[in-house]
Amino acid sequence: MKEILLIGDSLTEFGYRFDGWVAQLSNMFARRCDVVNRGLSGYSTRWVLNRFKYLPSRMEGADYEPPVLATLFFGANDAAETYQGIDVEEYRQNIVEIVRILKDELKIPRVVIIAPPPIVEAAWVQYLQLTRDPSITESNRIDTRTKLFSDAVLELCADGGALGGGRAVALDTRPSFTHDGSGLADDQANVRGDFYVD
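Quick caveat, the model's predicted, so the values are computed rather than measured.

Participant: Whenever I open this one, the nonpolar core confuses me. Can you help?
Facilitator: As a rule of thumb, soluble globular proteins bury nonpolar side chains together. Core analysis: the largest hydrophobic core is formed by 27 residues, its most contacted members being Ile7, Leu72, Tyr91, Leu102 and Ile113. Broken down by secondary-structure element, the contributors of at least two residues to this core are β1 (2-8), β3 (69-73), α4 (88-105), β4 (111-113) and α6 (143-157). Of all the elements, α4 adds the most residues to this core, at 6 residues. If sequence neighbours within four positions are ignored, tyrosine 91 has contacts with Thr45, Phe74, Gly75, Asp78, Ile86, Pro116, Phe149, Ala152 and Val153. Ranked by size, the runner-up nonpolar core spans 14 residues in total, among them Ile4, Val22, Leu69 and Ala76.

Following this line, the structure appears as structure tokens:
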């Protein structure tokens, strides 16, 4: 059976939860394509490039048949003001390199790049207080910074961009639909937006 490969951070890894976007994609392509989830919670584009050989290991050998489509959903961790964060220019370069590997080395014909969703800083602080440390008062994820990374995806995929001639995905992730301020709400992570398909 044909495959669709999903590569990303926790927004991909946990996309099966409560009818999330990965679950919806699996349902949409049932009996036509297997959806292979390679979301790695906490990962940035820098980290995935360093470990790309593990994604997935069976993509070797004479009987290798490339997935018909790959999604790339990074940026939330890249934009974080933590040890995971990188600058937006490195993010651009990493996205271009990951797409090159997917298309030129793994021979995946179509790549969908999903721009990172907005951050609801107050909700993110509440999530950190509940799950990590009740004394946290400031967000380490800033929406204006994350928007720079989202804009970078749109620019890369626009006509004249490094990955030009295509369209970028814009997820409808209104603040009231986020569960922790940095991701898609489990029950509202509908597959929406404009796809960049090369």
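Participant: Explanation requested: the packing of α4 against α6 in the structure shown.
Facilitator: Helix packing for two helices is described by the angle between their axes and how far apart those axes are. In contact at an axis separation of 10 Å, α4 and α6 are set at 40° when each is read in the N-to-C sense. By the angle between their axes, α4 is oblique relative to α6. With respect to the hand of their crossing, α4 and α6 are arranged in right-handed fashion. For the pair α4 and α6, contact is made by Val88, Tyr91, Arg92, Ile95 and Val96 and by Leu148, Phe149, Ala152, Val153, Glu155 and Leu156, respectively. A breakdown of the residues in the contact of α4 with α6 according to their chemical character gives 9 nonpolar, no polar and 2 charged.

Participant: Would you mind going over the pairing of β1 with me for this structure?
Facilitator: Across the 7 residues of β1, 5 count as buried, placing the element largely inside the fold. Both β1 and strand β2 (residues 33-39) contribute to a ladder of 7 bridges, which runs parallel. Opposite leucine 5, over in β2, you have valine 36 as the bridge partner. Relative to β3, β1 runs parallel, the two being bridged by 5 bridges. Within β3, the residue paired with glycine 8 across the bridge is phenylalanine 73.

Participant: Help me understand the confidence of the model for the protein chain in this model?
Facilitator: Should the pLDDT be low somewhere, the predicted coordinates at that spot are not to be read in detail. Averaged over all residues, the pLDDT of the protein chain equals 79, while 75% of them reach at least 70. Every residue in residues 166-179 is under pLDDT 50, and counting partners more than four places away or in other chains gives 46 contacts. Within the model, pLDDT remains below 50 along residues 185-198, and this stretch shows 49 contacts once partners closer than five positions in the same chain are excluded.

Participant: Would you mind showing me how to read the packing of aromatic side chains here?
Facilitator: Working definition: an aromatic ring pair is given by the centre-to-centre distance plus the angle between the planes. For the coordinates displayed, the defined rule picks out 5 aromatic pairs. Relative to tyrosine 127, the ring of tryptophan 124 has its centre 5.3 Å away and its plane inclined at 25°; by these criteria the two rings are stacked. Taken as a pair, tryptophan 124 and tyrosine 127 lie in helix α5 (residues 121-131) at a separation of 3 residues, close to a single helical turn. The class of tyrosine 127 is partly exposed, set by a relative accessible area of 28%.

Criteria and cut-off values
- Residue numbers here run from 1 along each chain, matching the order of that chain's written sequence.
- Restriction of local features to residues with pLDDT of at least 70 applies here, the model being predicted, together with a cutoff of 80 or more for giving and counting side-chain atom pairs; totals for whole chains, interfaces and linings are based on all residues.
- To obtain the side-chain values, all non-hydrogen atoms of the structure were included, while hydrogens and water were left out.
- Among buried residues, those of type Ala, Val, Leu, Ile, Met, Phe, Trp, Tyr and Cys that are joined through side-chain atoms within 4.5 Å constitute a nonpolar core.
- Partly exposed describes any residue whose relative accessible area lies between the buried limit of under 20% and the exposed limit of over 50%, with all areas from a 1.4 Å probe on protein chains only and scaled to the type maximum.
- Going along the chain from the N terminus, every DSSP run of H or I of four or more residues is numbered as a helix, and every run of E of two or more is numbered as a strand.
- We call two residues in contact when some of their heavy atoms are within 4.5 Å.
- Geometry is summarised by axes, namely lines fitted to C-alpha atoms with helices restricted to the contacting stretch, and by angles between N-to-C directions that run from 0 to 180 degrees.
- Any angle that is under 35 degrees is reported as roughly parallel, and any over 145 degrees as roughly antiparallel; angles of 65 to 115 degrees are reported as roughly perpendicular and all others as oblique.
- What makes a crossing left-handed is the near helix being turned counterclockwise from the far one by less than a right angle; a clockwise turn instead makes it right-handed.
- Under the scheme applied here, ten amino acids are nonpolar (Ala, Val, Leu, Ile, Met, Phe, Trp, Tyr, Cys and Pro), four are charged (Asp, Glu, Lys and Arg), and all others, including Gly, are polar.
- For two strands to count as paired, DSSP must find a minimum of two bridges between them.
- pLDDT is a per-residue confidence score from the predictor, ranging from 0 to 100.
- Two rings from Phe, Tyr or Trp (for Trp, the six-membered ring) form a pair when their centres are within 6.5 Å of each other. A pair whose planes differ by under 30 degrees is stacked, one over 60 is edge-to-face, and the rest are tilted.

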